[in-house]
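# Working through the structure, step by step
Listed below are the residues making up each chain.
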Amino acid sequence: MAPITYLSTFVAAIVGVAGLYIGLFVYQLGAPVTAEYWVHEAKIAKLFLASQGSGQRVLILGGSNALFGIDSGLVEKQIGVRTINLAIHGGLSLPYMFEYIKPVLRPRDVVVMPLEIEYYASAYRYDWFRSNIMAWDPGYFRNLELLERARFVLAVPTKRVVNGAIAQMYAAQLRRQRGRAVRDVAVITRDAIGNWQNRSYVGKPISYSLESIDERGDMRNNRGTRYTGTASSVLSSPFAFASDLWVSLENFGAYCRGHDVTLFVAWPALMTEPSLNEGNPVVTRNVAHIVSHLARARIGILGRPQDYYLDRVNFFDTKYHLNEEGRAIRTSQLVRDLRDALRNGATGPTP
Amino acid sequence: MLFNSFEFLLFFLPVTLVGFFVLGRFQPRVAAAWLTLASLFFYGWWNPLSVPLLVASILFNYIVARYIVSGGDDLNGRRRKAGLACAIAANLLLLGYFKYANFFLTSAGSVLGANWRMADIILPLGISFFTFTQISFLVDTYQGKAREYDLVHYGLFVTYFPHLIAGPVLHHQQMMPQFARPATYRLAGENIAMGLTIFSLGLFKKVMIADTVAMFSTPVFDAAAGGATIGFVAAWGGALAYAFQIYFDFSGYSDMAIGLSRMFGIALPLNFNSPYKAVNIIDFWRRWHMTLSRFLRDYLYVPLGGNRRGAARRHVNLIATMLLGGLWHGAAWTFVIWGGLHGMYLVVNYAWQALRRRLGHDLTRSTWPGRHAGRLVTFTAVVAAWVFFRATSFEAAVRILKGMAGANGFRLEAPPYYVETLQHTVLVPVAIDLGWELKPLAVLAGLLVVLLMLVWWAPNTQELMGRFSDALDPYERETSVTRAGWLERFPPRLVAAVVGVIFAISLLGLVTEVPSEFIYFQF
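Residues numbered from 1 in each chain as written. Chains lettered and ligands numbered in written order. Predicted model: local features only at pLDDT ≥ 70, side-chain atom pairs only at ≥ 80, totals over all residues. Heavy atoms only, no water.

### A few points about the overall build of chain A
- Across its full length, chain A carries 14 helices and seven strands.
- A globule of 351 residues ought to have a C-alpha radius of gyration of about 20 Å, and chain A, at 22 Å, matches this closely.
- Projected onto its principal axes, the C-alpha positions of chain A cover 75 × 50 × 45 Å.
- Looking at chain A as a whole, 53% of its 351 residues are labelled buried.
- When contacts within chain A are restricted to residue pairs at least 6 apart in sequence, those whose partners lie at least 24 apart make up 81%.
- Carbon and sulfur atoms make up 56% of the accessible area of chain A, which totals about 15,100 Å². (Helix = DSSP H or I, 4+ residues; strand = E, 2+ residues; numbered from the N terminus. Rg over C-alpha atoms; globule rule 2.2 N^0.38 Å. Buried < 20%, exposed > 50% of the residue type's maximum accessible area, 1.4 Å probe, protein only. Contact = heavy atoms within 4.5 Å. Areas by Shrake-Rupley, 256 points an atom, 1.4 Å probe, with all protein chains shown as cover.)

### Here's the deal with helix 9 (residues 158–169) of chain A
- Counted at 1.5 Å a residue, the expected span for helix 9 of chain A with its 12 residues is 16 Å, and the 17 Å between its end C-alpha atoms agrees.
- Looking at helix 9 of chain A, one finds that the buried residues are Arg160, Val161, Asn163, Gly164, Ala165, Ile166, Ala167 and Gln168 of chain A. (Expected span 1.5 Å × (residues − 1).)

### Thoughts on the sheet that holds strand 2 (residues 82–85) of chain A
Residues and elements named next belong to chain A.
- Read from one edge to the other, the open sheet built from five strands follows the order 2-1-3-4-6, with strand pairing classed as parallel. Each edge of the open sheet carries a strand with a single partner, namely strand 2 and strand 6 (300–302). When strand polarity is set aside, the average angle formed by the axes of neighbouring strands in this sheet is 25°.
- Note: strand 1 (residues 57–60) against strand 2, four bridges, orientation parallel. The residue bridging Leu59 from the neighbouring strand is Ile84, located in strand 2. (Pairing = 2+ DSSP bridges. Axes fitted to C-alpha atoms, helices over the stretch in contact; angles between N-to-C directions.)

### Focus on the interface of chain A and chain B
- Taken residue by residue, the interface counts 28 residues in chain A and 33 residues in chain B.
- Between chain A and chain B, the buried area comes to about 2,600 Å², and carbon and sulfur atoms account for 72% of it.
- Scanning the region where chain A abuts chain B turns up one salt bridge.
- The shortest N-O distance in the salt bridge between Asp433 of chain B and Arg180 of chain A comes to 2.9 Å.
- Between the two partners, chain A and chain B, sit six residue pairs in polar contact (both at pLDDT 80 or more).
- Put simply, the parts of the chain that give the side of chain A that touches chain B at least two residues each are helix 1 (3–28), helix 8 (146–155), helix 9 and helix 10 (171–178) of chain A.
- Tallying contributions element by element places helix 1 of chain A first for the side of chain A that touches chain B, with 10 residues.
- Grouping the amino acids of the side of chain A that touches chain B by side-chain chemistry returns 18 nonpolar, six polar and four charged. (Buried area = accessible area lost by both parts, 1.4 Å probe. Salt bridge = Lys/Arg side-chain N within 4 Å of Asp/Glu carboxyl O. Polar contact = N/O pair within 3.5 Å; in protein donor to acceptor, adjacent residues only side chain to side chain. Nonpolar A, V, L, I, M, F, W, Y, C, P; charged D, E, K, R; others polar.)

### As for the nonpolar core
- Phe3, Phe8, Tyr276, Trp288 and Trp386 of chain B are the most contacted members of the largest nonpolar core, which has 161 residues in total.
- Looking at which element gives the most residues to this core, the answer is helix 10 (residues 232–263) of chain B, with 19 residues.
- Built from parts of two domains, this core gets at least three residues from each of domain 1 (6–187) and domain 2 (192–279 + 366–522) of chain B.
- The contact partners of Tyr276 of chain B, leaving out residues within four places of it in the chain, are Ala243, Phe244, Ile246, Tyr247, Phe284, Trp288, Arg375, Phe379, Val382, Trp386, Val455 and Trp456 of chain B.
- Formed by 112 residues, the second largest nonpolar core is a distinct cluster that contains Phe25, Ile70, Ala87 and Ile213 of chain A. (Core = buried A, V, L, I, M, F, W, Y, C linked by side-chain atoms within 4.5 Å. Domains from an automatic or database assignment.)

### Side note on the domain arrangement of chain B
Residues and elements named next belong to chain B.
- Domain parsing of chain B yields domain 1 (6–187) and domain 2 (192–279 + 366–522).
- Each of domain 1 and domain 2 was reduced to a C-alpha centroid, and the two centroids are 29 Å apart.
- With 29 residues of domain 1 at the contact, the number on the domain 2 side is 23 residues.
- Of the roughly 2,300 Å² buried where domain 1 meets domain 2, counting both sides, 73% is carbon and sulfur surface.
- On the domain 1 side of the contact with domain 2, Phe6, Leu9 and Pro168 bury the most area, a combined 22% of that side's loss.
- Applying the counting criterion to the domain 1 and domain 2 interface returns zero salt bridges.
- When contributions to the side of domain 1 that touches domain 2 are tallied by element, the ones reaching two or more residues are helix 1 (6–26), helix 7 (161–164) and helix 8 (172–180).
- With eight residues, helix 1 is the single largest residue contributor to the side of domain 1 that touches domain 2.

### Let's talk about the pattern of salt bridges
All names here are of chain A.
- Summed over the entire model, instances satisfying the criterion amount to 26 salt bridges over all chains.
- Among the salt bridges present, the one from Arg130 reaches Asp127, with a minimum N-O distance of 3.9 Å. Placement of both Arg130 and Asp127 in helix 6 (residues 127–136) is noted, with a separation of three residues, approximately one turn of the helix.
- A relative accessible area of 19% means that Arg130 is categorised as buried.
- Where salt bridges share partners, they join Glu41, Arg183, Arg190 and Asp191 into one cluster.

### A look at the packing of helix 10 of chain B against helix 16 (residues 394–404) of chain B
Residue and element names in this part refer to chain B.
- Their axes nearest at 7 Å, the elements helix 10 and helix 16 cross at an angle of 115°. As for the relative orientation of helix 10 and helix 16, their crossing is left-handed in sense. Across the interface between the two elements, Phe232, Ala235, Trp236 and Ala239 of helix 10 pack against Ile400, Gly403 and Met404 of helix 16.
- Per-class residue counts for the contact of helix 10 with helix 16 are six nonpolar, one polar and no charged. (Left-handed = near helix turned anticlockwise from the far one by under 90°.)

### Examining empty space enclosed by the protein
Residues and elements named next belong to chain A.
- This structure, assessed with the given rule, holds two cavities of 30 Å³ or more.
- Contributing to the lining of the largest cavity are Glu118, Ala231, Ser233, Val234, Leu270, Met271, Lys319 and Tyr320.
- Of the residues contributing to the lining of the largest cavity, the split by class is five nonpolar, one polar and two charged. (1 Å grid on protein atoms, 1.4 Å probe; cavity = no way out; pocket = protein on both sides within 12 Å on 5 of 7 lines; lining within 4 Å. Points joined across faces, edges and corners; volume = space filled by probe spheres on them.)

### Remarks on a nonpolar patch on the surface
All names here are of chain A.
- Among the surface-exposed residues, Leu24, Tyr27, Val162 and Met169 lie close enough to one another that they form a single nonpolar patch of about 360 Å² accessible area.
- Elements with a contribution of two residues or more to the nonpolar patch: helix 1 and helix 9.
- The topology assignment puts Leu24 in helix 1. (Patch = residues over 30% accessible without salt bridge, like charges linked within 9 Å, V, L, I, M, F, W, Y side chains within 5 Å.)

### Overview of helix 22 (residues 492–510) of chain B
- In a regular helix each residue adds 1.5 Å, so 19 residues correspond to 27 Å; helix 22 of chain B covers 27 Å between its end C-alpha atoms and thus fits that length.
- Along helix 22 of chain B, the residues classified as buried are Val495, Ala496, Val499, Gly500, Ile502, Phe503, Ala504, Ser506, Leu507, Leu508 and Leu510 of chain B.
- In this structure, the buried side of helix 22 of chain B is in contact with helix 1 and helix 9 of chain A together with helix 1 and helix 9 (189–225) of chain B.

### With respect to the packing of helix 2 (residues 37–51) of chain A against helix 6 of chain A
Residues and elements named next belong to chain A.
- Across the interface, helix 2 lies against helix 6 with an axial gap of 9 Å and an inter-helix angle of 70°. Relative to helix 6, the element helix 2 lies roughly perpendicular. Counted together, Tyr37, Val39 and His40 of helix 2 and Trp128, Ala135 and Trp136 of helix 6 form the full contact between these two elements.
- For the contact of helix 2 with helix 6, the per-class residue count stands at five nonpolar, one polar and no charged. (Parallel < 35°, antiparallel > 145°, perpendicular 65-115°, else oblique.)

### Some points on the pairing of strand 4 (residues 262–266) of chain A
Residue and element names in this part refer to chain A.
- For strand 4, the buried fraction is high: four of the five residues fall into the buried class.
- Note: strand 3 (residues 110–114) against strand 4, five bridges, orientation parallel. Bridge pairing in strand 4 links Pro114 to Ala266.
- Bridge count between strand 4 and strand 6: three bridges; the pairing is parallel.

Spelled out as structure tokens, the structure:
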């Protein structure tokens, strides 16, 4: 047999297996695996909130540090502009968040993004994100460009695909027994409106669900187990920056400018710890890096990171989730910085 | 850069291959230089700071070799001998500093109650291999066996990436003629096809078998290192799993190295020949890490006197060789004990053969039960010795051996950490959601039985490849297979398709996983 025939068959077999794998991947999209379905419901509810009303808004975008840690009512009262908290979960990728917010942006809106520091690091893995998207928002994958779709497929562990395929085979049983169905948008919206009308979040223990989200998009009942884990922040470690992050931010910044939307990045609330002190050269380097890249992308930054260092007693469950007291302190600082920025039209102070 | 990584498979290998054959069309020497530079790049991927050390070592040994050759007129051969002695000493000092300095310091310190340790020394990857390769070159030069002293070819001989990190240990006279042959630099479809086939088999062994079975050995050895009591099932499960892990890891590596080299038109010596099929420990060492065994035989055991000075001296030489062989693997007493155990096994084996000869037995004849009993005894002895090889301390090894001996009872029960590992590594989460029950003992037993059948009765790569294996191992006639191989019984198109599927499945096993290092990389 001619080597070329042998090699062609070899390559054809690889292509065949790749095709079968892609088929399996597509088959398992939307399978009822273990996932945080409430994130999807929160997203639907928040999009509904942002689609209502008229006039200028302040829109908060980010992960759970903003979801739990900003009192939108207080911002609205102090700034005098309707404020909606669109932040959901720190596991969601920035491109996903940008695609999520773009349809509801309007001219004169102000977007504030207090991004968790992990977003800046190249080591930040999006395994949670991909697994969840496949479970409750497979449309996102289908709408990606071909190259992005290929990257997505290659970034999903084979074991997750097998897991999804088995779940798809037993989908009816899992939906029945585990209640993992992705609910219809209309049903989610109706439930959310009902919750807001009944103020069903008042006086209840914390739950990571649609029920805890109020009519401004804030997560309520910020009380839980006192966080006892390590306070160490990525900010004080010599991490490598994610290069594609700057591209995403630059593109989104350009989009906002093109639609008369003001965009600010803010610092996340961090738990005070010795390594975050101002003399630490690693912190200084990391902050300078973030500031310079954002300046290059023409995106303003609100305040200084050290203004958002809070005591351990202001957190619960994780080192990013602020309780009621922490939320009040952090929001007051954010209001000061936002007011300054809006008044001065500044692109953000340097650290 | 690992053979089982995407950067190697998708970037380094294609670029190096294309560059080699394009340059080889015009100027073979430039192609050889390109392959040398690519190999240095491959080596520097781990730690660029190690590259100057490797280059300096190559230049030093090359210059000394030229000096030894130029001393041919020296009537007494003193200059040549002194050059050889100094160069070997320098090589061993370099190896000793990087690999053994802290071992000896801490050992001496612990005896004297002191805490001696030099600043952290970063062990350059593959130093044991390139040191041994160059020592054999120097000895060959001294003995007049080395014929060619082209610096580019010598640099390629040492740095050639398929063997640089974990062998096989090469001989100068095996490689230099191949580098000098113009045909090497011409692209041959058959070489690419055969190389890819062998490489794919090796990749599958590493990614799908060795890395999987490691999940059953690592938690046991970790528990033993943490001071836990190891039960009967865990002890045997862990020890057997490690025996299969290292087998498929090294077998996979050897296949991948041979396959890669074959793509470049260069044959590497066979390094692995179904060692668990060995019917005695002497046979085992003719099958496991064959090039290292031959190195130790030719450059240590024979110079020590070998078997030329009586049985007692032979036994001493055997144990000394195996102790040093153990120490070569790693700077720890557990490796020394492993080597010592194998030395003792060899002594017992030779004594047994001597006794049988005295009783008038014909050692060239054997029976089916006899062969299988020998295979079982040899395998068990090898597995017991692997416990010392793998354990992080003497105490941890003893804990596992105690468990294997039943000192902690014979309950057929999987330990909790084993169940947990199995749940997280074997089952997918949805299986637990669906209430599928996991039977750890059945999973473990099933896996081990399948692997045992594979290593005892399945054909190995050279048997699969049949007459093509002659190209794999043109130097060792005693191990070469000249009959048609298993794969040749099937239509070539079917073979190509199956190998392609195996390759693709291995790649899927690598998706998003951090590729694991080969065990022999640490040596």
